[in-house]
Amino acid sequence: MTKTKTMYSIPYILWLLLFVVAPVLLIVYQSFTDIDGAFTVGNYGKYFTSSTALRMTFNSLLYAGIITAAVLLISYPTAYFLSRTVHKQLWLMLIILPTWINLLLKAYAFIGIFSVNGTINNFLEFAGIGRQQILFTDTSFIFVAAYIEIPFMILPIFNALEEMNPSLISASRDLGANTWQTFQRVILPLSMNGVRSGVQAVFIPSLSLFMLTRLIGGNRVITLGKAIEQHFMVTQNWGMGSTIGVILILSMVAIMLLTGEKKRRKGGNRA
Amino acid sequence: MNKRKGRLANLYLFMVFVLLYLPIFYLIFYSFNAGGNMNGFTGFTLEYYQALAEDTRLLGIVVDTFLLAFLSALLATVIGTFGAMMIFYTRGRKNRNVLLSMNNILMVSPDVIIGASFLIFFTVLGISLNFLSVLLSHVAFSIPIVVLMVLPRLKEMNPSLIDAARDLGATNWQIIYKVIIPFVTPGIIAGYFMAFTYSLDDFAVTFFVTGNGFSTLAVEIYSRARQGISLEINALSTLLFLFSMILVIGYYFISQGNTSKKQKSLNKSRQEAIDTL
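Residues numbered from 1 in each chain as written. Chains lettered and ligands numbered in written order. Predicted model: local features only at pLDDT ≥ 70, side-chain atom pairs only at ≥ 80, totals over all residues. Heavy atoms only, no water.

Operational definition: UniProt positions are given in the numbering used here, feature names are shortened, and annotations may be inferred rather than shown by experiment.
If you check an unreviewed UniProt entry, chain B appears there as Spermidine/putrescine ABC transporter permease PotC from Vagococcus elongatus. Of chain B, the UniProt comment under Subcellular location (unreviewed entry) reads exactly: "Cell membrane".

1. Quick word on the overall build of chain A
Short version of the rule: Labels follow the DSSP assignment, with helices taken as runs of H or I lasting at least four residues and strands as runs of E lasting at least two, numbered in each case from the N terminus. In this setup the radius of gyration rests on C-alpha atoms only. A globule is expected at 2.2 Å times the number of residues raised to 0.38. Only protein chains enter the calculation, and the probe is 1.4 Å; a residue is then buried if its accessible area is under 20% of its type maximum, exposed if over 50%, and partly exposed in between. Only heavy atoms matter for contacts: two residues are in contact if any of them lie within 4.5 Å across the pair. Neither His nor the chain termini are counted; the positive set is Lys and Arg, and the negative set is Asp and Glu. One atom stands in for each charge, and that atom is NZ of Lys, CZ of Arg, CG of Asp or CD of Glu.
Secondary structure summary: chain A contains 13 helices and 0 strands in total. Ordered by position in the sequence, the α and β elements of chain A form the string α-α-α-α-α-α-α-α-α-α-α-α-α. Relative to the globule expectation of 18 Å for 271 residues, the C-alpha radius of gyration of chain A, 23 Å, shows a markedly less compact shape. Each principal axis of the C-alpha distribution contributes one length, and for chain A these read about 75 × 70 × 40 Å. Burial statistics for chain A: of 271 residues in total, 51% are counted as buried. Taking as baseline every contact in chain A between residues at least 6 positions apart, the subset at least 24 positions apart corresponds to 68%. Of note, chain A has its 20 positive side-chain charges centred 9 Å away from the centre of its 10 negative side-chain charges.

2. A short note on a nonpolar patch on the surface
Which entries qualify depends on this criterion: Candidate patch residues must exceed 30% relative accessible area and have no salt bridge, after which like charges are joined if within 9 Å and Val, Leu, Ile, Met, Phe, Trp or Tyr side chains if within 5 Å. We get accessible surface area from the Shrake-Rupley algorithm with a probe of 1.4 Å; when it comes to residues, only the shown protein chains can shield them. One speaks of a salt bridge when a side-chain nitrogen belonging to Lys or Arg is within 4 Å of a carboxyl oxygen belonging to Asp or Glu.
Together, Leu8, Leu11, Phe14, Met15, Val18 and Leu22 of chain B make up a nonpolar patch on the protein surface, roughly 600 Å² of accessible area in all. Inspection of the secondary structure assignment puts phenylalanine 14 of chain B in helix H1 (residues 3-30).

3. Looking at the packing of aromatic side chains
In plain terms, the rule: We call Phe, Tyr and Trp rings a pair once their centres come within 6.5 Å, taking the six-membered ring for Trp, and we label the pair stacked below 30 degrees between planes, edge-to-face above 60, and tilted otherwise. Over a ring means this: the NZ of a Lys or the CZ of an Arg is within 6 Å of the ring centre and within 35 degrees of the ring normal.
If you walk through the whole model with that rule in mind, you get 42 aromatic pairs over all chains. Each ring, one from phenylalanine 88 of chain B and one from tyrosine 89 of chain B, has its centre 5.0 Å from the other, and the planes form 80 degrees; the classification is edge-to-face. According to the relative accessible area criterion, tyrosine 89 of chain B is partly exposed, its value standing at 26%. Aromatic ring contacts, followed pair by pair, group Phe210, Phe232 and Trp238 of chain A together with Phe203, Phe207, Phe208 and Tyr222 of chain B into a single cluster. When the ring centre of tyrosine 80 of chain A is taken as reference, the NZ or CZ atom of arginine 84 of chain A above it lies at 4.2 Å. The residue whose ring lies beneath arginine 153 of chain B is phenylalanine 183 of chain B, and the NZ or CZ to ring-centre distance is 4.7 Å.

4. What to know about empty space enclosed by the protein
Note the following rule: We place a 1 Å grid over just the protein atoms. Points where a 1.4 Å probe fits but has no way out form a cavity, open points with protein on both sides within 12 Å along at least 5 of 7 lines form a pocket, and any residue with an atom within 4 Å of a point lines it. Grid points are joined across faces, edges and corners, and a volume is the space filled by probe spheres set on the points.
In total, this model carries 3 cavities of 30 Å³ or more according to the counting rule given. Here the largest cavity is characterised by a volume of approximately 200 Å³. Together, 17 residues line the largest cavity, and Trp100 and Asn102 of chain A together with Leu200, Leu240 and Ser244 of chain B are the ones closest to its centre. Elements with a contribution of two residues or more to the lining of the largest cavity: helix H3 (56-88), helix H8 (172-201), helix H10 (217-226) and helix H11 (231-276) of chain B.

5. Notes on the UniProt feature "transmembrane region" (unreviewed entry) in chain B
Residue and element names in this part refer to chain B. Feature annotation in UniProt places "transmembrane region" (unreviewed entry) on residues 12-32, 66-89, 110-129, 135-154, 175-197 and 235-254, given in this structure's numbering. Helix makes up 96% of residues 66-89 and strand 0%, whereas the separation of the span's terminal C-alpha atoms amounts to 34 Å. In the segment residues 135-154, helix accounts for 100% and strand for 0%; the C-alpha atoms at its two ends are 28 Å apart.

6. Looking at the UniProt feature "domain: ABC transmembrane type-1" (unreviewed entry) in chain B
Residues annotated in UniProt with the feature "domain: ABC transmembrane type-1" (unreviewed entry) correspond here to residues 62-251 of chain B. Here residues 62-251 of chain B is 84% helix and 0% strand, with 22 Å between the C-alpha atoms at its ends.

7. Considerations on the environment of alanine 51 of chain B
The topology assignment puts alanine 51 of chain B in helix H2 (residues 47-54). Each C-alpha atom of the pair alanine 51 of chain B and leucine 22 of chain B lies 25 Å from the other, and the pair is 29 residues apart in sequence.

8. Digging into the interface of chain B and chain A
Threshold: Once two parts are brought into contact, the accessible area they lose, counted with a 1.4 Å probe and summed over both, makes up the buried area. Here a polar contact is recorded for every N or O atom pair within 3.5 Å, except that within protein the pair must consist of a potential hydrogen donor and a potential acceptor, and residues adjacent in sequence are included only if both atoms are side-chain atoms.
Tallying the contact residues gives 82 residues for chain B and 77 residues for chain A. Buried surface at the junction of chain B and chain A, summed over both partners, amounts to about 7300 Å²; 80% is from carbon and sulfur atoms. Considering only the side of chain B, the residues that lose the most area to chain A are Leu20, Ile120 and Phe121 of chain B, jointly responsible for 8% of the buried surface there. For the pair chain B and chain A, the interface holds 0 salt bridges. In this assembly, chain B and chain A are joined by 10 residue pairs in polar contact (both at pLDDT 80 or more). Looking at the side of chain B that touches chain A, the element that brings in the most residues is H1 of chain B, giving 14 residues.

9. Some details on the packing of helix H2 (residues 42-49) of chain A against helix H3 (residues 51-82) of chain A
Describing two packed helices takes the angle between their axes plus the distance from one axis to the other. All names here are of chain A. Convention followed: A fitted line through C-alpha atoms serves as each axis, taken over the contacting stretch for helices, and the angle formed by two N-to-C directions is quoted from 0 to 180°. By the definition adopted for this analysis, an angle is roughly parallel if under 35 degrees, roughly antiparallel if over 145, roughly perpendicular if from 65 to 115, and oblique otherwise. Any residue that is not Ala, Val, Leu, Ile, Met, Phe, Trp, Tyr, Cys, Pro, Asp, Glu, Lys or Arg is counted as polar, Gly included; the first ten are nonpolar and the last four charged.
Where H2 meets H3, the closest approach of the two axes is 5 Å, and the angle between their N-to-C directions is 75 degrees. Between H2 and H3, the angle is such that the two are roughly perpendicular. Packed against H2, whose contacting residues are Tyr47, Phe48 and Thr49, the element H3 presents Ser51, Ala53, Leu54 and Thr57 at the interface. Each residue belonging to the contact of H2 with H3 can be placed in one class, and the counts come to 4 nonpolar, 3 polar and no charged.

10. Looking at the confidence of the model for chain B
Caution applies to low-pLDDT regions: their predicted coordinates should not be interpreted in detail. Where we set the bar: For every residue, the pLDDT score states the predictor's confidence, bounded by 0 at the bottom and 100 at the top.
On average, chain B scores 85 in pLDDT, and the residues at 70 or more come to 90%. Our summary of model confidence lists the complex with pTM equal to 0.85 and ipTM equal to 0.85.

Rendered as C-alpha cells:
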C-alpha cells in the first residue's frame, strides 16, 4: 500500500508545499525587503514608529471588536431561539442561504438602501427627520459588516446548543433553578465553545475586509486588510504590505490563542 | 416556556430573517423598476433583463466565473479526496494532527493574506496573472474544505471492507476505485459543492491574482459599483439568487443521505449509552 499511497499523495503534498508553506515563507521574507528588494528590517521599524500605522492597527482592532460584539449580540438569541423551533433544519438552511449570495452583491444592495436618495433617507424625510448622510459613515460600515457576518456566528453557537444534552436543563429545573439561572449557569457555559469559534469566524475576517471599507465606509475606516491592499495594488510597496500582512497573521494567531478551546476534562459531562 | 415568551422568540426570529433577506429582495424588487434607480418604484419593466441579455461582456464574465468555479472545484475535489486519504492512512495521531493543522491554515487565513501571498508567489515563479493564476489560486483555497468533507466519511468506513477486498485479490488501485471511492462519494459530492461555492463567492483572492485579461463577476461588480448603480447588476443578482436557491435545494437533498446516517449513528450511540447505565 505504501507505494500506492506515495503515488496518490503527490498532488496533495505538492499543494501543501507550494500553496501553504511557500506563500507563508514568501510573505515573511518579503516583509524584510525594501522597495528595491534589498534586505532590511526598516519596514518593521517604520511600522512601529509611525503613529498613523499604529493608530490604523488599533482602529482596525477596535472596529473588528465592535463588529464582533454587535454580531454576537444579535446571533446568540437567534441561535438560542432557533434551537427551540420545530423545523430546525429548514430554518438553519434559510440562515445559510444568504451566505451563498456573493458578498459584493450584498454590499451593492446597501449602497442603494443607504444612499442619499435611498429608501432609508426617504423614510427619514417622510418621518420628518430629514435626509442624513448614511453611506460612507463608520456606522454604515459597522452595520453592513455585521450584516454579512451574522450567519457565521449563528452556525457555531447553534451547533453548540444542539450538542448539549437536554436532560441537563431538566435537571437544573428539577434542582430549583429558574429560567435565568438555568441559562446563566448551564446553557451559557456549555455553549461557550460555539461562541469562541463564532468570535474567531467573525473577528478575523473583520480585520481584513477591504472592499466594504471602500464601497460602504468611503475609506474613512482603514482596516489592516485595506492597508495591505493599498500597499500591494496602489503604492506597489510590497515590503510594507507584507509587513502589515505579518502583523495581521500575528493578530490572527493571538485571537485564536485567546479564544482557543480550553483543554477539557475527558469524559466529563456527557452521558 | 410559556406562550407569551414563545411568541416573543418567534417575533425576534422573524425580525432577524427580515434583516437577512431584506437587502436581497430589495435588489430583486428594483431590478424591475422602470425608474432606472433604486430610489422609488415608478413602474414595471424587463428592460434591464434585456440589457443584460445584450451585454456580451458581462455575460462572458458570468460564463468565465462559472467555468472557473466548475474547473477549480473539480481539480480541488480530486486532489482533496486523495489528500484526505493520505491524512487518514498516515500512521500516528501526532503526524495526522500536524497534517490536519497544515491543511487548515488556508481555511483560517484572512483572504487578503492568501491573495497577497499568492501574488508574491506567482511573481517569484514568473507566472503571468491571468486565468491560470486565478484557477490555481481557487484550486488552492478550495482543497482544505474538500479534505474536511471527505475525512469524516473515511472515518465511518469499516476497515474490514478493505481487508475483504484484499483477501478477494484486489490490487491497491482496485481497492481505491472499487471500495474506498464509492463509499466516500457523499463526502466527495459535498466537498465539490462547497468548493464550487467558495470559488463563486471569492472576491479578495481573485482581486489580487487576476491581471488585465481576466475578470470574475465579483471583481466586475466591485469596479461597476464604484461608479454607481446600474440596474443591470440587480437583474443579474436576481438570476444568481435563483441559481443559488437551486444549488441549495440540490445540496440539501444530497446531504440528506449524509445527515440521516449521522443521525442514525448518533441515536445508536445514545442508545448504547443508555443501555450501559
